[in-house]
Amino acid sequence: MRKLSFFFTLMAAIAIWNLTSCEGRPSASGSASEVNTDSTEEMLEQERAEQKRLEQENAELQRQLEQEKAEQERLEQEKAEQQSYIGTFEIDDGHLGPIVLTVNDDETATIKYKNGDTIYYGSWYKYDTMKYVQFHFEGEEIYVGRKAIPQLYIGGTSKFLGNFVLLDGYLYTSSSAAKAKNPNERLEYKKVS
């Protein structure tokens, strides 16, 4: 009987020991579940952070692409606008003209009376901040038959064309006249080629 009693006592002790050792920590299946949950949450958080980073990079790339596209469009528009000033133009004042203005893409230009032989050489520049093209012709005012060449009758006066501006289909006698769109300081021009 004593053996049986010892056996039961031993079994009870083992059972008690198993119960007390399991109370302080989760069961094997509970522990794996919690580790899996923590691990899954960390992975989800990392994926969210990575997705947010990728979205920010994508937004930045989109912004850069839009800026590059806008810059490209601006350059193309500027080039097209500049090309609209390249060619041969005729300006007729009804008195002294017509004159022929030839504008080259290397920022040089020539001007002469349509039926004359004397050619004047000059340069031009398209200002980025302004919407006009400024021309400058060097040289003396050469008088032939009491007329300075080249000159046009603009606003009731003969004007030597040393510096002038093309803007919106008009030749203006100066940049200030162009800015003011002064009707007394301009003549219409037409592109002939």
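Residues numbered from 1 in each chain as written. Predicted model: local features only at pLDDT ≥ 70, side-chain atom pairs only at ≥ 80, totals over all residues. Heavy atoms only, no water.

Asker: Explain the overall build of the protein to me, and be specific about the residues and the numbers.
Answerer: When helices and strands are counted, the protein shows 3 helices and 12 strands. The buried share of the protein, reckoned over its 193 residues, is 24%. Approximately 13,700 Å² of the protein is accessible, and the part contributed by carbon and sulfur atoms is 53%. (Helix = DSSP H or I, 4+ residues; strand = E, 2+ residues; numbered from the N terminus. Buried < 20%, exposed > 50% of the residue type's maximum accessible area, 1.4 Å probe, protein only. Areas by Shrake-Rupley, 256 points an atom, 1.4 Å probe, with all protein chains shown as cover.)

Asker: I'd like to hear about the nonpolar core, residue by residue, with values.
Answerer: I91, L101, I111, F135, F137, F164 and L166 are the most contacted members of the largest nonpolar core, which has 24 residues in total. Within the residue set of this core, elements represented by two or more residues are strand 1 (87-91), strand 2 (99-103), strand 3 (108-113), strand 4 (120-126), strand 5 (133-137), strand 8 (151-154), strand 10 (163-167) and strand 12 (186-191). Among the nonpolar cores identified, the runner-up in size contains 6 residues, and V165, Y172, A177 and A178 belong to it. (Core = buried A, V, L, I, M, F, W, Y, C linked by side-chain atoms within 4.5 Å.)

Asker: How would you explain the sheet that holds strand 5 if you had to name every residue and give the values?
Answerer: Read once around its circumference, the closed barrel built from 8 strands follows the order 1-2-3-4-5-10-11-12, with strand pairing classed as antiparallel. Recorded for the sheet is a direction-independent mean angle of 30° between the axes of neighbouring strands. Where strand 4 lies against strand 5, 5 bridges are found, and the strand directions are antiparallel. From the neighbouring strand, S123 faces strand 5, where its bridge partner is H136. (Pairing = 2+ DSSP bridges. Axes fitted to C-alpha atoms, helices over the stretch in contact; angles between N-to-C directions.)

Asker: An account of the packing of aromatic side chains is requested, with residue identities and associated values reported.
Answerer: Any aromatic ring pair is given by two values, namely how distant the centres are and how the planes are angled relative to each other. Using the criterion set out here, one finds 4 aromatic pairs in the structure. An angle of 10° between the planes, with centres 4.9 Å apart, marks the rings of F135 and F164 as stacked. Linking F135 in strand 5 with F164 in strand 10, this pair joins segments that are 29 residues apart in sequence. Take F164: its relative accessible area is 0%, and that puts it in the buried class. Taking 5.8 Å as the distance between ring centres and 5° as the angle between the ring planes, the aromatic pair formed by F137 and F164 counts as stacked. Remark: F164 occurs in strand 10 and F137 occurs in strand 5; sequence separation between them is 27 residues. (Phe/Tyr/Trp six-rings, centres within 6.5 Å; stacked < 30°, edge-to-face > 60°.)

Asker: Quick one: what's the story with the environment of G97, residue by residue and with numbers?
Answerer: One can find G97 in the loop between strand 1 and strand 2. Taking the C-alpha atoms as reference points, G97 and N115, separated by 18 residues in sequence, lie 9.0 Å from one another. With sequence-adjacent residues up to four places away left out, G97 is seen in contact with D92, Y113 and L152. (Contact = heavy atoms within 4.5 Å.)

Asker: Lay out unusual backbone geometry with the relevant residues and their values.
Answerer: You will see that E107, though not glycine, has its phi angle at about 65°, which is positive. Counting through the fold element by element, E107 comes out in the loop between strand 2 and strand 3. Unusually for a residue other than glycine, K181 sits at a positive phi of about 50°. Mapped onto the fold, K181 is located in the loop between helix 3 (175-180) and strand 12.

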